[in-house]
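# Per-entry structural report
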Amino acid sequence: MAIERYIGIMSGTSMDGVDTVLVEIEENSIRLMGENSFPMGEDLKQALLDICLGQSTNLQAVGELDHRLGHLFADAVLALLENTGIPADSITAIGSHGQTVFHSPDTQYAFTMQLGDANIIAAKTHITTIADFRRKDMALGGQGAPLVPAFHQQLFSSLDTTRVILNIGGIANITVLTPNQPVTGYDTGPGNMLMDTWIHQYNGSQYDANAKWAKTGTVNKILLERLLDEPYFKQPAPKSTGRELFNLPWLQQKLSGLEIPAEDVQATLAEFTAVTITNDVITYQHNEKPELSTKQELLVCGGGAHNPLLMARLAAQLPNWQVMTTTERGVDSDNMEAMAFAWLAYRTYHNQPGNLPEVTGASGLTSLGAIYPAS
Ligand SMILES: Nc1ncnc2c1ncn2[C@@H]1O[C@H](COP(=O)(O)OP(=O)(O)O)[C@@H](O)[C@H]1O
Ligand SMILES: [Mg+2]
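Residues numbered from 1 in each chain as written. Chains lettered and ligands numbered in written order. Predicted model: local features only at pLDDT ≥ 70, side-chain atom pairs only at ≥ 80, totals over all residues.

At a minimum axis separation of 10 Å, helix 7 (residues 221–228) and helix 9 (residues 262–281) run at an interaxial angle of 45°. As the angle between them shows, helix 7 and helix 9 are arranged oblique. Judged by the sense of rotation from one axis to the other, the crossing of helix 7 with helix 9 is right-handed. When helix 7 is examined against helix 9, the residues Leu 223, Leu 224, Leu 227 and Leu 228 are found in contact with a partner set consisting of Val 265, Thr 268, Glu 271, Phe 272 and Val 275. Here the contact of helix 7 with helix 9 is built from residues that sort into seven nonpolar, one polar and one charged. (Axes fitted to C-alpha atoms, helices over the stretch in contact; angles between N-to-C directions. Helix = DSSP H or I, 4+ residues; strand = E, 2+ residues; numbered from the N terminus. Parallel < 35°, antiparallel > 145°, perpendicular 65-115°, else oblique. Left-handed = near helix turned anticlockwise from the far one by under 90°. Contact = placed C-beta atoms within 7 Å. Nonpolar A, V, L, I, M, F, W, Y, C, P; charged D, E, K, R; others polar.)

Listed below in structure tokens is the structure:
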């Protein structure tokens, strides 16, 4: 097969900006050619947060957000093309994840909603755009999430090493690659989201850079127990979650009746993220032979890979695992998700499946998303 170029666009639950990548794909290899992080305006972010928290909205507001996000994603692509100097007509397709505003996989009328009109992206960039990746999997009874495990499998599966790929975005999700076993993957629970929310309502910061604030606090055991006492953590996979469950009102309810200094809450939230991840990762550990421990790797990507407190707590709680970022295994930890959606676009463009039914619970393999031609 000839080399093809794809662009991936990802804007996750953190709403910290739009990540774009330009990749070259050839048979089984993928090469990063360029990347860009494009800012999301504060008023747009606030409007999104409002509807995500189930505040009453109306169809006009939803439609307008779909439109604004379509332009934002198109502008992010145009900025990427300008930075790289690579012409638009050399790109085969864009894979756009869209901005999730609601994810409800386990309710009677299950649905997931990503906004960012792909018609606008295709029209403004003149590049064929593939979007709406999650709903086909859901139509087959799956969670529609996570969709990155097939890509992780392609990049990191090994014949002798158990690898868990951990993405710490707003939500944290793992992909478990055990030699000669089917892939497992699911959302472990909150990643950075509660920490971001807590510091934002405390002092207006978007996030606790390098966990500076959390490090000044002490973990509160009572609060930690309460946070862990949430049915989601006992639920078997397949499972996925989002802001609909883990949000500020949820945290405030857990805090009710407790008098805890704000920095201790932040420290406890960091510990909570680390503990929920550890509890899941440890279930995939070989427990027989200590020498096998060198053959277990936890590869971390997403913004949380930059959080030294989270990384230290994971390493401390998982002494039998080599904890490192995916960058140390050759794939930039900040671009993994956007690269995954570029790769999923490539799969769909070639009518290849992108989901893993053993991960999402869908009844079968399927090609994902819809194609919006450039012209
Ligand atoms: N230096 C850092 N220290 C602590 N946290 C960080 C740092 N850099 C990024 N983050 C965290 O990563 C988040 C963004 O992660 P990202 O992978 O983009 O998530 P999403 O996919 O949900 O957008 C930020 O909101 C912040 O919480
Ligand atoms: Mg992000």
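Glancing now at helix 6 (residues 193–203). The periodicity of an α-helix, 3.6 residues per turn, causes residues three or four positions apart to be oriented the same way. The set of residues buried in helix 6 consists of Met 193, Leu 194, Met 195, Asp 196, Thr 197, Trp 198 and Ile 199. Directly beyond the C-terminal end of helix 6, a positive phi value near 85° is found at Gly 204. (Buried ≥ 20, exposed ≤ 12 C-beta atoms within 10 Å, placed from the backbone.)

This part covers the pairing of strand 5 (residues 111–115). The pairing of strand 4 (residues 91–104) with strand 5 spans five bridges and is classified as antiparallel. Bridge assignment links Ser 104 to a residue of strand 5, and that residue is Phe 111. In textbook terms, the turn of a hairpin is the stretch between consecutive antiparallel strands, and for strand 4 and strand 5 this stretch comprises six residues. (Pairing = 2+ DSSP bridges.)

A few words on the site of ligand 1. Around ligand 1 there are 19 residues in total, and Gly 12, Ser 14, Gly 169, Asn 192 and Gly 303 lie nearest to it. For the shell around ligand 1, the residue count by class is three nonpolar, twelve polar and four charged. Both of domain 1 (4–144 + 336–372) and domain 2 (149–329) provide at least three residues apiece to the shell around ligand 1. (Near = placed C-beta within 6 Å. Domains from an automatic or database assignment.)

What follows covers the nonpolar core. Counting residues in hydrophobic clusters, the biggest one holds 100 residues, and the most contacted among them are Ile 7, Ile 9, Val 77, Ile 94, Leu 166, Leu 298 and Ala 342. Lining this core are residues from two domains, each supplying at least three of them: domain 1 (4–144 + 336–372) and domain 2 (149–329). When sequence neighbours within four positions are dropped, the list of residues in contact with Val 77 reads Ile 7, Ile 9, Thr 20, Ile 94, Ile 121 and Thr 125. (Core = buried A, V, L, I, M, F, W, Y, C linked by C-beta atoms within 7 Å.)

Here we take up the domain arrangement of the protein. Segmenting the protein into domains produces domain 1 (4–144 + 336–372) and domain 2 (149–329). One C-alpha centre belongs to domain 1, the other to domain 2; they are set 24 Å apart. Counting residues at the interface gives 23 residues for domain 1 and 25 residues for domain 2. At the level of secondary structure, the elements contributing two or more residues to the side of domain 1 that touches domain 2 comprise strand 4, helix 11 (336–349) and helix 12 (357–360). Residues of the side of domain 1 that touches domain 2, tallied by class, amount to nine nonpolar, eleven polar and three charged.

So, about the UniProt feature "binding site: ATP" (unreviewed entry) in the protein. In this structure's numbering, the residues bearing the UniProt feature "binding site: ATP" (unreviewed entry) are Gly 12, Thr 13, Ser 14, Met 15, Asp 16, Gly 17, Val 18 and Asp 19. Tracing the sequence through the fold places Met 15 in the loop between strand 1 (4–11) and strand 2 (18–26). Contacts of Met 15, omitting those with residues within four sequence positions, involve Met 40, Lys 45 and Leu 48. In this structure, Asp 16 sits in the loop between strand 1 and strand 2. Residue classification places Asp 16 among the partly exposed residues on the basis of 19 C-beta atoms within 10 Å. Residues within four places of Asp 16 in sequence aside, it is in contact with Gln 206 and Gly 303. (UniProt positions renumbered as here; feature names shortened; annotations may be inferred.)

Let us now look at the packing of helix 1 (residues 42–52) against helix 2 (residues 59–84). Following both chains from N to C, one finds helix 1 and helix 2 inclined at 135°, their axes separated by 11 Å at the closest point. Our classification of the angle between helix 1 and helix 2 gives oblique. Between helix 1 and helix 2 the crossing geometry is left-handed. The residues of helix 2 that touch helix 1, namely those facing Leu 44, Ala 47, Leu 48 and Ile 51, are Ala 61, Val 62, Leu 65 and Arg 68. Within the contact of helix 1 with helix 2, the residues separate by chemical class into seven nonpolar, no polar and one charged.

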